[in-house]
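# Descriptive structure summary
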Amino acid sequence: MAEAFTIARPYAEAAFKIAQETGDLAGWGDALARIAQVAGNEAADQLMSNPAVTPEQVTSLIAEGAGGLGDAQTRFVKTLAENNRLDVMTEINDMFVTLRHADEGMLDVVVSSAFEMTDAQRNEVAKTLEAKYGKKVDIQVEIDPELIGGVSIRVGDEVMDASVRGKLQKMASALKV
């Protein structure tokens, strides 16, 4: 996984630079998300790994599947196809989103919850984190039944664990001492 991010980084940074220069961060963000979705498809993966399919054919198929790509975005796909890097498109998209959010002063937050969160709960978490960090937050919720109850919140490399599992682990550690 770390290797995929290492490979993806220069491509994400290049796409971000082009998007900034053209003033089209939203358009590039949407396009990269569509490209990642198409490139992540099992049928597309089989085509990309087939040596009989040329990079031009792969580019055409991915661009057609993603739909509505501009010339620069199509050239980006072509570069990825020629360098056999479409397999890290999900990581490129994730890094682009992170770069965009950082540019816009937004934090990416992953909330792990034992149960599905309501919109009101998501909004309350967002409001609390926005007040704490002084930035807008983009919350992604992941369901993790092993938490038993409560939530675990990850902002960058900081983790705030308010889960039942985390509390039980702390109690077990305290009792062992």
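Check the entry above for the structure.
As a starting point, this report considers the structure included with it. The model shown is predicted, which means the values in this text are computed figures rather than measured ones.

Basis of the calculations
Residues numbered from 1 in each chain as written. Predicted model: local features only at pLDDT ≥ 70, side-chain atom pairs only at ≥ 80, totals over all residues. Heavy atoms only, no water. Helix = DSSP H or I, 4+ residues; strand = E, 2+ residues; numbered from the N terminus. Expected span 1.5 Å × (residues − 1). Buried < 20%, exposed > 50% of the residue type's maximum accessible area, 1.4 Å probe, protein only. Arc of directions from axis to C-beta. Contact = heavy atoms within 4.5 Å. Phe/Tyr/Trp six-rings, centres within 6.5 Å; stacked < 30°, edge-to-face > 60°. Patch = residues over 30% accessible without salt bridge, like charges linked within 9 Å, V, L, I, M, F, W, Y side chains within 5 Å. Areas by Shrake-Rupley, 256 points an atom, 1.4 Å probe, with all protein chains shown as cover. Salt bridge = Lys/Arg side-chain N within 4 Å of Asp/Glu carboxyl O. Pairing = 2+ DSSP bridges. Axes fitted to C-alpha atoms, helices over the stretch in contact; angles between N-to-C directions.

### What to know about helix α7 (residues 119–133)
Between its first and last C-alpha atoms α7 spans 21 Å; for 15 residues at 1.5 Å apiece the expected length is 21 Å, and the two agree. Regarding α7, the residues found buried are Val125, Ala126 and Leu129. For α7, the arc enclosing every buried residue in end-on projection is 100°, short of the 170-degree limit, so these residues lie on one face. Counted as exposed and oriented over 90 degrees from the buried face of α7: Ala120, Asn123, Lys127 and Ala131. Elements in contact with the buried residues of α7: β1 (106–113), β2 (136–143), β3 (150–155) and β4 (158–163). Positive backbone phi, approximately 70°, marks glycine 134, located one or two places after α7.

### Remarks on the packing of aromatic side chains
Evaluation of the coordinates by the stated rule reveals two aromatic pairs. Look at tryptophan 28 and phenylalanine 76: their rings are 5.9 Å apart centre to centre, the planes differ by 80°, and that puts the pair in the edge-to-face class. A residue pair is termed long-range when its members are at least 10 positions apart, and tryptophan 28 in helix α2 (residues 25–39) and phenylalanine 76 in helix α5 (residues 71–82) qualify at 48 residues. Here tryptophan 28 and phenylalanine 76 have matching classes, each one buried.

### Some details on a nonpolar patch on the surface
Side chains of Ile148, Val164, Leu168 and Met171 sit close together on the surface and give an oily, nonpolar patch of about 360 Å² of accessible area. Examined against the element boundaries, leucine 168 turns out to sit in helix α8 (residues 164–176). Leucine 168 sits in the partly exposed class, given a relative accessible area of 44%.

### Description of the sheet that holds β4
Strand order in the open sheet formed by four strands is β2-β1-β3-β4, and the pairing between neighbours is mixed. At either end of the open sheet lies a strand with only one pairing partner, and these are β2 and β4. Across the sheet, the axes of successive neighbouring strands diverge by a mean angle of 20°, strand direction being ignored. Strand direction decides the pairing type here: β1 and β3, joined by five bridges, are antiparallel. In the strand pairing of β3, valine 109 is matched with valine 155.

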